[in-house]
Amino acid sequence: TKQLTGRYINNGEFSFELLDENMNVISNTSVTADGTSNRALFTFPRTYKITDMIVNGVLQNERTFTYYIREVDNKLDGVEYKFVKLEDVLAVVTD
């Protein structure tokens, strides 16, 4: 959630991005006027390419990925923007 002191939040005024471990934006969402966001709008990869599962030339049955959530800095004075690391997102190879 997002809270402001002294005024209301405008719908869509603040937004967040989901980044992969290489800092590429893969999904985003915005904050509603009540200060909440629909985090379900963040779309993690549902499938990975076989090349995503190779580490040091060896195909892995499982691999842990790291993602980040970054609040987009829209340069408002007195606003603290967040950056969060999501570790240990597990992908498993299946048929």
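Since the model is a prediction, treat every value here as computed from it, not as a measurement.

### A short note on the pattern of salt bridges
Between side chains of opposite charge, a pair can form when the charged atoms approach closely.
Here is step 1 of the chain: This model, assessed by the stated rule, comprises three salt bridges.
Here is step 2 of the chain: Among the ionic pairs, D73 bridges to K75, the shortest N-O distance being 3.7 Å.
Here is step 3 of the chain: A relative accessible area of 40% means that D73 is categorised as partly exposed.
Here is step 4 of the chain: Overall, K75 belongs to the exposed group, its relative accessible area being 65%.

### Brief notes about the sheet that holds strand β6 (residues 83–92)
Here is step 1 of the chain: Spatial ordering of the open sheet is given by β2-β1-β5-β6, a layout of four strands whose pairing is antiparallel. In the strand order of this sheet, the two ends are held by β2 (25–30) and β6, each with one partner. Averaged over all pairs of adjacent strands, the angle between their axes in this sheet comes to 25°, without regard to strand direction.
Here is step 2 of the chain: When strand β1 (residues 15–19) meets strand β5 (residues 62–71), the two strands line up antiparallel, connected through four bridges. For E17, the partnering residue across the bridge sits in β5 and is R70.

Definitions and limits used
Residues numbered from 1 in each chain as written. Predicted model: local features only at pLDDT ≥ 70, side-chain atom pairs only at ≥ 80, totals over all residues. Heavy atoms only, no water. Salt bridge = Lys/Arg side-chain N within 4 Å of Asp/Glu carboxyl O. Buried < 20%, exposed > 50% of the residue type's maximum accessible area, 1.4 Å probe, protein only. Pairing = 2+ DSSP bridges. Helix = DSSP H or I, 4+ residues; strand = E, 2+ residues; numbered from the N terminus. Axes fitted to C-alpha atoms, helices over the stretch in contact; angles between N-to-C directions.

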